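Fold and geometry: a report
Chain by chain, the residues run as shown.
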Amino acid sequence: MPRATRRHLMAATALAAATAAAVATTTAGASGSKEQAKDAIRGGKAKNVILLIGDGMGDSEITLARDYTVGADGRLNLDKFPLTGAYTTYAVHADGTPDYVTDSAASGTGWATGVKTVNGRISKTPGTDKAVPTVLELAQKNGYATGSVTTAELTDATPAVLASHATDRSCQGPADMAKCPTDTIAAGGPGSIAEQSVNHKVDVLLGGGKQRFDQKVTDGTYKGLTVTEQARKLGYQVVTDNAGLKSVKPGKPVLGLFASGNVPTEWTGKPAAVGGTDPQRCVTSNPNRASTTPSLADSATKAIQLLEAKQRQTHSKQGFFLQIEGASIDKQDHAADPCGQIGETAAFDKAVKVARAYAAKHPDTLVVTTADHGHTSQIVPLEATPPGLSSTLVTNEGQHLKVNYSTNTPGQSQEHTGTQVRIAAQGPLAYRVLGVTNQTDLFTTLREAMRLR
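Since the structure is predicted, the reported quantities are computational estimates derived from the model, not experimental observations. (Residues numbered from 1 in each chain as written. Predicted model: local features only at pLDDT ≥ 70, side-chain atom pairs only at ≥ 80, totals over all residues. Heavy atoms only, no water.)

Turning next to the state of the cysteines. A complete count under the given rule lists two disulfides for this structure. Disulfide pairing is shown between cysteine 171 and cysteine 180; the S-S distance is 2.0 Å. Disulfide cysteine 171-cysteine 180: torsion about the S-S bond near 95°, hence right-handed. Each disulfide pairs two cysteine sulfurs, and for cysteine 282 the partner residue is cysteine 339, the sulfurs being separated by 2.1 Å. Its S-S torsion of approximately -80° makes the covalent link between cysteine 282 and cysteine 339 left-handed. With cysteine 282 in the loop between strand E9 (273-274) and helix H11 (296-313) and cysteine 339 in helix H13 (residues 338-361), this residue pair connects regions lying 57 residues apart in the sequence. (Disulfide = S-S within 2.5 Å. Helix = DSSP H or I, 4+ residues; strand = E, 2+ residues; numbered from the N terminus.)

Under the counting rule described, the total for this entry stands at two aromatic pairs. Taking the centre distance of 5.7 Å and the plane angle of 55° together, the rings of phenylalanine 320 and tyrosine 358 count as tilted. With phenylalanine 320 in strand E10 (residues 320-326) and tyrosine 358 in helix H13, this pair connects stretches of sequence that are 38 residues apart. Like phenylalanine 320, the residue tyrosine 358 is buried in the burial classification. For lysine 116, the ring lying beneath its charged end belongs to tyrosine 90, and the centroid distance is 3.8 Å. Above the plane of the ring of phenylalanine 81 lies arginine 356, whose end atom (NZ or CZ) is 5.0 Å from the centre. (Phe/Tyr/Trp six-rings, centres within 6.5 Å; stacked < 30°, edge-to-face > 60°. Buried < 20%, exposed > 50% of the residue type's maximum accessible area, 1.4 Å probe, protein only. Lys NZ or Arg CZ within 6 Å of the ring centre and 35° of its normal.)

A few words now on the pattern of salt bridges. Scanning the entire structure with this criterion turns up 15 salt bridges. The partner of aspartate 156 in a salt bridge is lysine 331, and the shortest N-O contact between them spans 2.8 Å. Taken together, the residues aspartate 156 in the loop between strand E5 (145-153) and helix H6 (157-163) and lysine 331 in helix H12 (residues 328-334) connect sequence positions 175 residues apart. Taken together, the shared-partner salt bridges in this structure form one network comprising Asp103, Asp156, Arg169 and Lys331. (Salt bridge = Lys/Arg side-chain N within 4 Å of Asp/Glu carboxyl O.)

What follows deals with the nonpolar core. Residues Ile50, Leu52, Leu255, Phe321, Ile324, Leu366 and Leu446 are the most contacted members of the largest nonpolar core, which totals 106 residues. Looking at which element gives the most residues to this core, the answer is H13, with nine residues. The residues contacting leucine 366, other than those within four sequence positions of it, are Ala46, Asn48, Val49, Ile50, Ala425, Gln426, Gly427, Pro428, Ala430, Thr445, Leu446 and Ala449. (Core = buried A, V, L, I, M, F, W, Y, C linked by side-chain atoms within 4.5 Å. Contact = heavy atoms within 4.5 Å.)

Adjacent strands of a sheet pair through backbone hydrogen bonds, lying either parallel or antiparallel. An order of E7-E8-E6-E5-E10-E1-E11-E15-E2-E16 is seen for the ten strands of this open sheet, with the pairing classed as mixed. With one partner strand each, in any of the chains shown, strand E7 (237-239) and strand E16 (436-438) form the two edges of the open sheet. For this sheet the average axis-to-axis angle between neighbouring strands, irrespective of direction, equals 15°. As defined by bridge partners, strand E11 (residues 365-371) adjoins strand E15 (residues 421-426) across four bridges and the pair is classed as antiparallel. Of the residues in E15, the one forming a bridge with threonine 370 is isoleucine 423. (Pairing = 2+ DSSP bridges. Axes fitted to C-alpha atoms, helices over the stretch in contact; angles between N-to-C directions.)

Relative to the elements of secondary structure, phenylalanine 81 occurs in the loop between helix H3 (59-69) and strand E2 (83-88). Residue class for phenylalanine 81 comes out buried when judged on its relative accessible area of 6%. Considered as a pair, phenylalanine 81 and valine 204 are 123 residues apart in the sequence and their alpha carbons are 26 Å apart. Residue contacts for phenylalanine 81: discarding those within four places in its chain leaves Val352, Arg356, Val367, Thr369, Ala424, Ala425 and Gln426.

Below, the structure written as structure tokens:
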């Protein structure tokens with residue numbers, strides 16, 4: 001037995017008595033058996049895997065959303081998993097030495113491939129820049145249906161790590177290849193992230209980034225076509241709004257492009273400012289978000305339905321692998337926009353609810369929720385006078401809360417942090433998230449849960 005597995009099993013055994021009842025309720029569901037509940041602690045094979053990534057969703061971001069929306073003593077869906085641990089997120093330099101603060105490309109590569117890499121790189125090695133197989137590619141090879149749902153551009157780092165390999169995360173469309181000369185089709189490479197994503201025939205791709213897919217392919221079989229036209233040639237149903245998403249039929253892959261760039265946030269409010277803001281309530285709407293835009297929870301629900309239907313139609317013995325990203329927790333943290341950030345965390349939490357509700361009825365589903373890295377927001381005392389940007393919020397409990405953004409000078413993008421982040425799970429092999437693990441250990445957990453070879 002591998003040493004890492006033995007260590008996890010020892011920790012799981014010590015925790016079993018305390019967690020068995022919770023696991024039986026929340027993992028197996030009302031109709032689940034005790035045997036299925038025990039799988040969460042000792043092992044078992046997962047028919048389906050749902051991986052939920054809150055981009056930049058460190059403990060501070062979770063606590064802020066909890067305090068604002070459900071109260072200090074309340075609990076988010078994120079908080080209700082039976083087994084919880086933490087993992088380290090550092091990247092590496094080209095020589096393999098630690099780079100203590102990761103970006104989303106390197107961190108995503110960690111769980112997608114099990115290999116640490118340099119910041120900015122997509123599912124390639126740090127020193128030799130060689131492509132490394134991803135968990136999605138292995139899942140496809142083993143007969144699983146696959147999907148990726150995000151509120152970012154579908155070519156952004158977190159979705160990109162699953163279905164593409166690029167020297168630099170900026171190489172999102174055919175016109176964006178300046179930093180990836182050896183990845184171009186003309187040079188014999190796989191092309192841009194957008195081209196690779198559709199060439200991979202991922203069954204469900206839902207998010208933003210229409211501008212990348214509207215770029216024209218410059219070389220190869222699809223030269224002169226846009227990437228969207230390339231997708232249609234490959235059999236994709238292309239949709240751009242909620243009505244289109246609802247109308248798609250299973251059996252053919254789906255490409256949903258719901259915004260030119262990132263999907264607009266759900267909430268708005270005043271950004272943090274030097275010296276703070278007057279106490280504010282967040283506005284739970286956004287005039288820049290079209291009413292036809294599906295929520296992350298809606299997209300997650302439809303993705304699960306489509307993936308499940310595909311496997312039924314093909315009579316596959318395998319289930320599906322689905323990654324769901326709440327991307328703009330990170331993006332609004334960078335912008336020091338607490339209301340935008342909280343609203344995106346709340347939207348992500350609704351997607352977590354969708355995943356857990358599915359797993360309650362399908363206890364052979366492993367659900368994991370985590371973040372790719374920590375971020376800047378901190379809850380500080382009301383009397384504090386932060387040197388950077390801050391804002392005072394009026395929570396749903398009617399209390400004042402001060403949030404501080406001081407990882408960079410005002411006017412600059414706020415920064416990621418190198419802290420460990422939460423990872424929580426339910427279902428087969430959920431015990432592997434216990435304790436403090438490494439981000440790359442998540443790849444092993446996913447691979448072993450689906451028995452990928």
